Amino acid sequence: MTELAQPVTMDKIVSLCRRRGFVFPSSEIYGGLGSTYDYGHYGVLMKNNIRSLWFQAMVQERDDIVALDSAVILNPRVWEASGHVAEFTDPLVDCRTCKLRFRADKLEDAQCGRKPSKHPGEFKECDLTEARQFNLMFETHVGALKDESSLAYLRPETAQGIFINFKNVLQIARRKPPFGIAQVGKSFRNEITPGNFLFRVREFELMEMEFFVPPGEAEQWYGYWIDQRFGWYLKYGVREGNLRKREHTAEERSHYSSGTTDIEFLYPIGWSELEGVANRGDYDLTQHTRHSGTKLEYVGEGGERYTPYVIEPAVSIERIFVALLVDAYHEEVVAERERTVLRLHPAVAPVKAAILPLISKNDEMVNRARALHEDLRQGQIVEYDDGGAIGRRYRRQDEIGTPFAFTVDEQTLEDDTVTVRDRDSLAQERLPIGGVRAWLDDALERPWQAPKI
Ligand code: GAP
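This write-up is about the structure you can find in this document. All values derive from a computational prediction rather than experimental measurement. (Residues numbered from 1 in each chain as written. Predicted model: local features only at pLDDT ≥ 70, side-chain atom pairs only at ≥ 80, totals over all residues. Heavy atoms only, no water.)

1. Looking at the sheet that holds strand 21 (residues 382–384)
In any sheet, the strands associate via hydrogen bonds between backbone groups, in a parallel or an antiparallel arrangement. Applicable threshold: Two strands are counted as paired when DSSP detects at least two bridges linking them. Helix and strand definitions follow DSSP, with helices as H or I runs of at least four residues and strands as E runs of at least two, each counted in order from the N terminus. Whenever a helix is involved, its axis is fitted only over the stretch in contact; in every case the axis is a line through C-alpha atoms, and angles between N-to-C directions fall within 0 to 180 degrees. Whether two residues are in contact is decided by their heavy atoms: any pair within 4.5 Å suffices.
The strand order 21-20-22-23-24 describes an open sheet built from five strands, whose pairing is mixed. Since the sheet does not close on itself, it has two edges, and those belong to strand 21 and strand 24 (428–432), each with one partner. Going from strand to strand, the sheet's axes swing by 25° on average, the running direction of each strand aside. As paired elements, strand 20 (residues 353–357) and strand 22 (residues 404–408) share five bridges and run parallel to each other. Bridge pairing links isoleucine 355 to phenylalanine 406 in strand 22. Strands strand 20, strand 21 and strand 22 of the sheet are contacted by helix 10 (residues 363–376), whose axis makes an angle of about 160° with strand 20. Taken strand by strand, helix 11 (residues 390–400) contacts strand 20, strand 21, strand 22, strand 23 (417–422) and strand 24, and its axis lies near 170° from that of strand 20.

So, in structure tokens, the structure goes:
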């Protein structure tokens, strides 16, 4: 097996996602809606896996974090208190010549509409306006009246839904710091320059956890969560060389942050933010206490009281989705034929195993394979495939990252064994058909590492 030394480009990832039905451009039959995407079958399965692995690490395996699912549309005063109405803005410039809009602070990343080899402002015909602040929150109206009094926002982050429920969780779930509240949900930002496939979109699924701690312990928990989250990516096979930590400078930090570290991934567009871990201090609880009049503080049994500090790891499923695909994507030559393979961690792979009759016109093989499929699907997401030559079916499964393929062949009809093919090593071995389910469960539990090629 020889790896083709070609760089993984975003175009290759987009093309594979489309070809294999992971992701489609949204509203395509109406000409699309810039940078909006719909997920197909394998995309949904992979997103479900990412979400549940995050939930497993953040809630299921811990005693100190509980779950929450708050509303998308909150009382608009929430966003005044949080600072989003005043501060959640990007500086924007318009070009009067090409009519395009750019982020004033990212002109060096943008291309001039008339002369794409130049940045906006560099071509003689460019005519840029002064920069003005543009709020990224999508506005909507609640109820029958459409005026100032009914104005509301689609949430740009899930975190505020957590802060406004702090008292409920403290009292009803009987928690005391350090403890966390985790939430996954759609978030919306009217990004001025979305792009790079799913990397920057206007609608994405955020996974956030707000960890409330005594102020004196904030630094220690900040370091702890950076390490925990970094380790999570390694656990799911992301190559260490593609990951790094980067601390924000004071100028870069968001209005609420007293310290932020990005976990960055080497995307095809260069090192970029995958996940952010922020020390939000007591900013949010203090703001909501001030604006709502409800005291959001911890009062201990001995009467001690304080406003907890908050450490927040936040990441979108979309950024993880792209990072995992980029990390897993390989083009190689096997027996003089090229194959594209997604070496996804088995826990992330959309389909865990394929069941293939070697000859699709052989009724006995088809029946045995179908029976095996029925058995395996009770426990795992598996796929039966009898369409086309066996080589083509293997290639298809390689491209969607299926770690194992069980093939029913002539020998199966004689001795009740099947072949199992390993996606990464291409090794094949024979197993008794009756033991396949236990073998698969076992194989999916085994530690996995991206093979070094
Ligand atoms: N509550 C903190 C917060 O929202 P953020 O850095 O603005 O912080 C958190 O966003 C994470 O959400 C980022 O690290 C990134 O993973 C993801 N993210 C942000 N904007 C995104 C977008 N337009 N498209 C996809 N993911 C995005």
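And the narrative resumes.
2. Topic: the site of the ligand
To keep things clear, this is the line we draw: Throughout, the term near means that a residue has one or more heavy atoms lying within 4 Å of the molecule or strand in question. Any N or O atom pair separated by 3.5 Å or less is treated as a polar contact, with the protein-specific requirement of one donor-capable and one acceptor-capable atom, and with residues adjacent in sequence counted only for side-chain atom pairs. Only the protein chains shown count as cover for residues, and the accessible areas themselves come from Shrake-Rupley with a 1.4 Å probe.
Lining the immediate environment of the ligand, one finds 22 residues, of which Glu157, Val201, Glu208, Glu273 and Leu274 sit closest. Note that an oxygen atom of the ligand is positioned 2.7 Å from one of the backbone N or O atoms of leucine 274. At a separation of 3.4 Å, a nitrogen atom of the ligand approaches a polar side-chain atom of arginine 280. Protein contact buries 91% of the 560 Å² of open area that the ligand shows by itself. Secondary structure elements with two or more residues in the shell around the ligand: strand 11 (203–213), strand 14 (270–281) and strand 17 (309–316). If you tally residues by element for the shell around the ligand, the top one is strand 14, at five residues.

3. Side note on the packing of aromatic side chains
What counts, and what does not: Pairing of aromatic rings covers Phe, Tyr and Trp, the last through its six-membered ring, and needs centres within 6.5 Å; plane angles under 30 degrees mean stacked, over 60 mean edge-to-face, and all others mean tilted. For each residue, the accessible area found with a 1.4 Å probe, counting protein chains only, is set against the maximum for its type, and the residue is called buried under 20%, exposed over 50%, and partly exposed in between.
Per the stated rule, a full pass over the model turns up 18 aromatic pairs. Look at tryptophan 232 and tyrosine 236: their rings are 5.4 Å apart centre to centre, the planes differ by 65°, and that puts the pair in the edge-to-face class. Here tryptophan 232 and tyrosine 236 have matching classes, each one buried. Measuring from centroid to centroid gives 5.9 Å for phenylalanine 406 and tryptophan 439, while their planes differ by 85°, and the two rings are edge-to-face. Of this pair, phenylalanine 406 sits in strand 22 while tryptophan 439 sits in helix 13 (residues 436–445), placing them 33 residues apart in sequence.

4. A closer look at the environment of glutamine 228
Inspection of the secondary structure assignment puts glutamine 228 in helix 7 (residues 218–235). Look at glutamine 228 and you get partly exposed, because its relative accessible area is 36%. Taking C-alpha positions, glutamine 228 is 9.8 Å from methionine 58, a pair spaced 170 residues apart along the chain.

5. Notes on the pattern of salt bridges
Short version of the rule: By convention in these notes, a salt bridge is any Lys or Arg side-chain nitrogen within 4 Å of a carboxyl oxygen on Asp or Glu.
Under the counting rule described, the total for this entry stands at 38 salt bridges. Note that arginine 20 is salt-bridged to glutamate 399, the shortest N-O span being 3.0 Å. Taken together, the residues span a long stretch of sequence, with arginine 20 in the loop between helix 1 (10–19) and strand 2 (23–25) and glutamate 399 in helix 11 at a distance of 379 residues. Residue classification places arginine 20 among the partly exposed residues on the basis of a relative accessible area of 22%. By relative accessible area, which is 11% here, glutamate 399 ends up buried. Members of the salt-bridge network, linked through shared partners, are Glu332, Arg339, Arg343, Asp398, Arg421, Arg423 and Asp424.

6. Digging into the side chain of glutamate 210
What counts, and what does not: Charge assignment: positive for Lys and Arg, negative for Asp and Glu; neither His nor the chain ends contribute.
With respect to the helices, strands and loops of the structure, glutamate 210 is situated in strand 11. Buried and unpaired, glutamate 210 has arginine 280 as its nearest opposite-charge partner, separated by 4.6 Å. The residues touching glutamate 210, leaving out its near neighbours within four places in the chain, are Ala159, Ile162, Phe163, Phe179, Gly180, Ile181, Arg280, Val310, Ile311 and Glu312.

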